[in-house]
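# Fold and contact review
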Amino acid sequence: MAGPFYDRTRPIVARTVHRLLGASDSDFDDLVQVASIELLHSLDRFRGECSLDTWTSTIAANVVYKHIRRRGLERTIFAPELAADDVPQTAHQRPVLRGMVERVMQHLGQMVYERAWTFLLHDVHGYSLDEVANITGATVAAAQSRLVRGRHELHERIASDPDLAGGLDVLEDQS
Amino acid sequence: MIEGGQKYARLAARLLIEQPRESPPADVRRDEVVAAMALAIAAKTRRRRIVMVSVATLAAAASVLVVLRLAGGTGLSRGTPGAGSALVVEHTTGTENQLVRAGSTQPLTDLGILAVGDGVRSGEDGSAVLSFGNGTRLTLSSSAHLRVDDLGSARRFSLFGGHLQAHVAKLGQGERFVVSTPDSEVEVRGTVFRVAVESAPSWCRDLTSGSTVRVSEGAVWVRSGDKQVVLQPGETWATPCPPPQTMHAAETAERAPVGPSGSAAASVRAGTHKVATRVTRVGEPVLGQDPFPVAPAPVPAPVRSGTPVPSQSFSHLAEQNDLFSAAMAAERQGQHDLALRKLDELITHYPSGPLSESARVEQQRILAAQGLR
């Protein structure tokens, strides 16, 4: 049973862990294993209200969320690997964009942990508020409150960072 | 949707979203992860089994409680006062426990409900626990015979033989709990006590059987003949051996065991066969055979009319008592050889002692019983 189940869910688990944890994080394999076992344990709670892939992704995200929170300040909360190594822009733009991504991640890393994660999960990775609430172990109302506050806090931080704000303004004008 | 006032948050999210995504690393630990998952499944199965067994056990216990409660409710529906008036056979051990109902006997089964007039006989290797819904429990030891006389506001039982331990819940207004034995009546008001009916000691010739009551908690009223006494926790009452008519009054007073309170000797009335009331505090000598021995109970000297008792016998009376008690205790426990040895020792060392004749009788009785076996 374990083999087929793993083969079925592993791609979603790996993709979720990879996206949230960052590329080439040394904990990647361990977290995939932990998430796969956690998925087994939580399968009793799956009632078919969403697809199995969505359920799998939510469980894996929860594992990553708890893992990063546990490792806390020992390492950068949002690993620099999350920043793009290969941003599809022109050769001239590439270093600028990489620098902007890193700056955004730095700001997120300085924010209240739950707010930053709620912002990332919802606005960047596309999880619904219900799913964010499940992943972070909060109520939907709390997740919504964190999202609003997280957005506001990030906006204020970037607004007070003229270089980053200017770069984002330019990007918006170009789009 | 991100509001306009949070423009930079929206732009930052777009910047992060538009990052190119690398493919996750290749799966190089598949077998390891699958093995770990298989272990997790096995552990989960084990946990489920444990949970199921626990739930089943709890459910069974709950069912028993429900039955007991319902049994109590049945009593209420009959209009008897107080909750839990039905008497339920909560638990039995052994195979020869019998229910005597309307003159016929049948095996006593767990969770059976007893009615007025029913008798319970526990087998030689058996015991039975009877309980009311209000928490009152009666524990019958082996070879006991109890009859239910009344289950109304007064709960009455007759104990014809064996031991009965009663844990009586606090009684309500107008309720009574009474256990009768052939020679006494025990009434309680929320207490723990034991009552026993056994053969009288051989030296007590005028008594065929005697009752013993020991109180653990609360208070117990014991009525015997025209006497009534209240037993407090730790106290024991036993049917006294009536002194022979020919016994000298002075001898009686001298030989009766005297406790610290001095009440024992005073309560024995010489020259009459009327049953007297005798209360013994913990640690005091008990006149009758004690079925619940805490410490070896010395046996009083039998009184023989017109027989002068050597002074030596008095000086070693405690030893004789101990020997005789030990012999009787061994006999009750089925250790016949040990009982014979003790009796022989008593006869050899105190051939003219006050217990020697009783010892000889007991010897003959044990030997005869062995011959029958």
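This structure is a prediction, so every number in the text was calculated from the model and none was measured.

## Some remarks on the overall build of chain A
- When helices and strands are counted, chain A shows eight helices and zero strands.
- Reading chain A from its N end, one meets helices and strands in the order α-α-α-α-α-α-α-α.
- Counting every position in chain A, which comprises 175 residues, the buried fraction comes to 43%.
- Nonlocal contacts in chain A, meaning residues at least 24 apart in sequence, comprise 60% of its contacts between residues at least 6 apart.

## Re the overall build of chain B
- A tally of helices and strands in chain B yields eight helices and 17 strands.
- Considering chain B as a whole, with its 373 residues, one finds that 34% of them fall into the buried category.
- For chain B, the share of sequence-separated contacts (at least 6 apart) that also reach a separation of at least 24 residues comes to 53%.

## Points about the interface of chain A and chain B
- At the junction of the two partners, chain A supplies 37 residues and chain B supplies 28 residues.
- At the level of secondary structure, the elements contributing two or more residues to the side of chain A that touches chain B comprise helix 1 (2–21), helix 2 (28–42), helix 4 (93–110), helix 5 (113–124), helix 7 (140–159) and helix 8 (162–174) of chain A.

## Let's talk about the pairing of strand 3 (residues 104–107) of chain B
All names here are of chain B.
- Alignment of strand 2 (residues 98–101) against strand 3, held across four bridges, turns out to be antiparallel. Across the sheet, the residue bridging to Gln98 is Pro107, located in strand 3.
- Hairpin connection between strand 2 and strand 3: a loop of two residues separates the two successive antiparallel strands, and Ala102 in this loop has a positive phi of roughly 50°.

## Re the nonpolar core
- Formed by 54 residues in total, the largest nonpolar core has its most connected members in Val17, Ala35, Ala60 and Val64 of chain A together with Ala12 of chain B.
- With eight residues, the top contributor of residues to this core is helix 3 (residues 52–71) of chain A.
- Counting contributing residues, this core receives three or more from each of domain 1 (1–75) and domain 2 (78–175) of chain A.
- In this structure Val17 of chain A touches Phe28, Leu31, Val32, Ala35, Ala60 and Val64 of chain A, once residues within four positions along its chain are discounted.
- By size, the runner-up hydrophobic cluster in this structure holds 36 residues, among which are Val88, Phe157, Val195 and Val215 of chain B.

## What to know about the environment of Ala142 of chain A
- Mapped onto the elements of the fold, Ala142 of chain A is located in helix 7.
- C-alpha separation for the pair Ala142 of chain A and Thr118 of chain A, spaced 24 residues apart in sequence, amounts to 10.0 Å.

## Looking at the pairing of strand 8 (residues 145–151) of chain B
All names here are of chain B.
- Where strand 5 (residues 119–121) and strand 8 come together, three bridges link them in antiparallel fashion. Bridge pairing links Val120 to Leu146 in strand 8.
- Pairing between strand 8 and strand 9 (residues 154–167): six bridges, direction antiparallel. Bridging across to strand 9, His145 finds its partner in Gly161.

## Observations concerning the packing of helix 5 of chain A against helix 7 of chain A
All names here are of chain A.
- Taken N-terminus to C-terminus, the directions of helix 5 and helix 7 make an angle of 95°; their axes are 8 Å apart at the nearest point. With respect to their mutual orientation, helix 5 and helix 7 come out roughly perpendicular. Contact with helix 5, carried on its side by Glu114, Arg115, Ala116, Thr118, Phe119 and His122, involves Ala143, Arg146, Leu147, Arg149, Gly150, Arg151, Glu153 and Leu154 of helix 7 and no other residues of that element.
- Across the contact of helix 5 with helix 7, the residue classes break down as five nonpolar, three polar and six charged.

## Some words on the confidence of the model for chain A
Residue and element names in this part refer to chain A.
- When the pLDDT values of chain A are averaged, the result is 82; 85% of them are 70 or greater.
- Between residues 73–77, whose pLDDT stays under 50, and residues either more than four places distant or in other chains, the model counts four contacts.
- In this model, residues 79–89 is a region of pLDDT below 50 whose contacts with residues beyond four sequence positions or in other chains number 27 contacts.

## Here's the deal with the environment of Arg155 of chain B
- Looking at the element boundaries, Arg155 of chain B is found in strand 9.
- Among all residues touching Arg155 of chain B, those that are not within four sequence positions of it are Asp150, Arg176 and Phe177 of chain B.

## Let's talk about helix 6 (residues 129–136) of chain A
Residue and element names in this part refer to chain A.
- Taken as a whole, helix 6 has its buried residues at Glu131, Val132, Ala133, Ile135 and Thr136.
- Buried-residue contacts for helix 6 involve helix 3, helix 5 and helix 7.
- Downstream of helix 6 by one or two residues, Gly137 has phi in the positive range, about 70°.

## Notes on unusual backbone geometry
Residue and element names in this part refer to chain B.
- One non-glycine residue with positive phi stands out, namely Ala102, at about 50°.
- With respect to the helices and strands, Ala102 occurs in the loop between strand 2 and strand 3.
- In this structure Ala102 comes out as exposed when scored by C-beta crowding, with 7 C-beta atoms within 10 Å.
- With a phi angle near 55°, Ser143 is a residue other than glycine that sits in the positive phi range.
- Along the chain, the position of Ser143 falls in the loop between strand 7 (137–140) and strand 8.
- Ser143 gets classed as partly exposed once you count the C-beta atoms within 10 Å, which come to 16.

## Side note on the packing of helix 6 of chain A against helix 7 of chain A
Residues and elements named next belong to chain A.
- As a packed pair, helix 6 and helix 7 sit with axes 8 Å apart at the nearest point and diverge in direction by 100°. Regarding the angle of helix 6 to helix 7, the classification is roughly perpendicular. Along its contact with helix 6, which presents Leu129, Asp130, Val132, Ala133 and Thr136, the element helix 7 presents Val140, Ala143 and Gln144.
- The residue inventory of the contact of helix 6 with helix 7, partitioned by class, reads five nonpolar, two polar and one charged.

## Considering the confidence of the model for chain B
Residues and elements named next belong to chain B.
- Summing up the model confidence of chain B, the mean pLDDT is 71 and the portion of residues at 70 or higher is 70%.
- Overall, residues 73–83 carries pLDDT values under 50, and its contacts beyond four positions in sequence, including any with other chains, amount to 21 contacts.
- What the predictor reports for the complex is a pTM of 0.39 with an ipTM of 0.78.

Reading guide: rules and limits
Within every chain, residues take consecutive numbers counted from 1 along the sequence as written. Chain A is the first chain written and ligand 1 is the first ligand written, with later ones labelled in order. Side-chain atom pairs in this predicted model are given and counted only at pLDDT of 80 or more, local residue features only at pLDDT of at least 70, and totals for whole chains, interfaces and linings cover all residues. By the criteria applied, helices consist of DSSP H or I runs no shorter than four residues and strands consist of E runs no shorter than two, each listed in order from the N terminus. Partly exposed residues are those whose C-beta has more than 12 but fewer than 20 other C-beta atoms within 10 Å; with 20 or more the residue is buried, with 12 or fewer it is exposed, and the C-beta atoms are placed from the backbone. Any pair of residues counts as being in contact when their C-beta atoms, constructed from backbone geometry, are within 7 Å of one another. Two strands pair if DSSP finds at least two bridges between them. Note on terminology: a nonpolar core is a set of buried residues of type Ala, Val, Leu, Ile, Met, Phe, Trp, Tyr or Cys, with members joined through C-beta atoms within 7 Å. Here the bounds of each domain stem from an automatic or database domain assignment. Every axis in this analysis is a line fitted to C-alpha atoms, fitted for helices over the stretch in contact. Angles between the N-to-C directions lie between 0 and 180 degrees. When an angle is under 35 degrees it counts as roughly parallel; over 145 it counts as roughly antiparallel; between 65 and 115 it counts as roughly perpendicular; any other value is oblique. Classes in brief: Ala, Val, Leu, Ile, Met, Phe, Trp, Tyr, Cys and Pro nonpolar; Asp, Glu, Lys and Arg charged; the others, Gly included, polar. The quantity called pLDDT is the predictor's confidence in a given residue, expressed from 0 to 100.

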